[in-house]
Amino acid sequence: MLNAQMRAGTVDIFMGVDLNYRDIAFNNRVFDFLINLTPGVKWQLPHRWQISAGVLVPVFNQYGDHYKHVRVYNAAVSKQLALFGRWRMKVSGGVFGSERYGLDIKNMVIINDWLALTAELGVTGYLSMSSDWQMSSMKRISGLVGPEFYLNRWNTQLSLRGGRYTYGDYGVMAECMRHFRHVTLGAYASYNEVTHENVGFKIVVMIPPYKRGNRTVNFRPASNFRFTYSSRTDNYANRTYITDPEENEREGWFDADMLPWGPNTMEPDFTYRDDRDSRKREEVTK
């Protein structure tokens, strides 16, 4: 397996699917669906720098005109840092998910093999490229903090985070995730000052092929398919944003080789062949 530093200089071009649905009662349909293709690109740079971009391409839309256009949902630069042995930090700037742009800092401090502390701080503004260009000043401060627990024997992760969410509301969320081979199943409960109680579940499926090449430019499917069900349909309560177009709960915020904690201690979902070194050896022998 190649770690992130050994993959520096590679470009990954990938394609995924974004599935959205909502349960509303006024249009004579049981559900409304919005299905987008999600082409994206990641450029891995030395010293754990990364440039990423992602686009939403609607292919089936019952959500209305606001969602009918091709639009950017990620265009960011990020840097991961290891500090003082047990502290991991990721700093990102650019266009994020949930129609936000700005700066974001993610942190994780490892206490021991079953306990860690997480904290995220963001300064963002609204940025929509849907029906037309809409943008606000970068003045919204959001932040979440809380503990993470990992039960190694059962590959089960528990988390509790609370604070101020993306759209200014305050709340707390408790989550339990069971990690299997290439699949994570999770259930959560949350409380918010706007919608009050909410429950739901999450499914993260890592998409094959699980053995990948490591050419200078790589074409592949998206790394995962992520689905979330919520018993409430408010799109702005307990809302967070992503800073990476493939961000998901299973892989977390940091490179697996940089943070050997929790699900990163399991057998990795993806291994990489260094095809670039193979081609070099072939050229030398000719």
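Here, the structure is the one placed above.
Reading the values: the criteria
- Residues numbered from 1 in each chain as written.
- Predicted model: local features only at pLDDT ≥ 70, side-chain atom pairs only at ≥ 80, totals over all residues.
- Heavy atoms only, no water.
- 1 Å grid on protein atoms, 1.4 Å probe; cavity = no way out; pocket = protein on both sides within 12 Å on 5 of 7 lines; lining within 4 Å.
- Points joined across faces, edges and corners; volume = space filled by probe spheres on them.
- Helix = DSSP H or I, 4+ residues; strand = E, 2+ residues; numbered from the N terminus.
- Phe/Tyr/Trp six-rings, centres within 6.5 Å; stacked < 30°, edge-to-face > 60°.
- Buried < 20%, exposed > 50% of the residue type's maximum accessible area, 1.4 Å probe, protein only.
- Lys NZ or Arg CZ within 6 Å of the ring centre and 35° of its normal.
- Salt bridge = Lys/Arg side-chain N within 4 Å of Asp/Glu carboxyl O.
- Contact = heavy atoms within 4.5 Å.

A. Summary view of empty space enclosed by the protein. Inspection of every chain in the model, using the stated rule, returns two cavities of 30 Å³ or more. In this structure, the second largest cavity encloses a volume near 90 Å³. Together, Glu120, Ser142, Gly143, Leu144, Arg164, Tyr165, Thr166, Arg239, Thr240 and Tyr241 line the second largest cavity. If one sorts the elements of the lining of the second largest cavity by residue count, strand E11 (residues 140-151) sits on top with three residues.

B. Layout of the packing of aromatic side chains. In total, this model carries nine aromatic pairs according to the counting rule given. Considering the side-chain rings of phenylalanine 96 and tyrosine 241, the 5.3 Å spacing of their centres and the 15 degrees angle between planes classify their relative orientation as stacked. Taken together, the residues phenylalanine 96 in strand E7 (residues 87-96) and tyrosine 241 in the loop between strand E18 (224-230) and strand E19 (271-273) connect sequence positions 145 residues apart. Relative accessible area serves as the criterion here: at 1%, phenylalanine 96 is assigned to the buried category. A connected cluster of aromatic rings, assembled from ring pairs, spans Phe201, Phe227 and Tyr229. One residue, arginine 100, lies across the ring of tyrosine 167, its end atom 5.0 Å from the ring centre. Its end group placed over the ring of phenylalanine 270, arginine 212 keeps NZ or CZ at 3.7 Å from the ring centre.

C. Representation of the pattern of salt bridges. With the rule as written, the count across this model stands at 15 salt bridges. Two residues, aspartate 12 and arginine 7, come together in a salt bridge whose shortest N-O distance is 3.2 Å. Look at aspartate 12 and you get buried, because its relative accessible area is 3%. The exposure class assigned to arginine 7 is buried, which follows from its relative accessible area of 6%. Taken together, the salt bridges that share partners define one network made up of Arg7, Asp12, Lys42, Arg220, Asp244 and Glu246.

D. Structural context of the side chain of serine 142. Locating serine 142 in the fold gives a position in strand E11. Accessibility expressed as a relative area gives 8% for serine 142, which makes it buried. Those residues in contact with serine 142 that lie beyond four places of it in its chain are Glu120, Leu121, Gly122, Arg164, Tyr165, Thr166 and Tyr241.

E. Unusual backbone geometry, seen in detail. A cis amide bond links proline 208 with the next residue in sequence, proline 209, at an omega value of 5 degrees. The phi torsion at histidine 182 lies on the positive side, around 70 degrees, for a residue other than glycine. Within the secondary structure, histidine 182 sits in the loop between strand E13 (170-180) and strand E14 (183-192). Its identity as a non-glycine residue notwithstanding, histidine 196 has a phi of 65 degrees, on the positive side.

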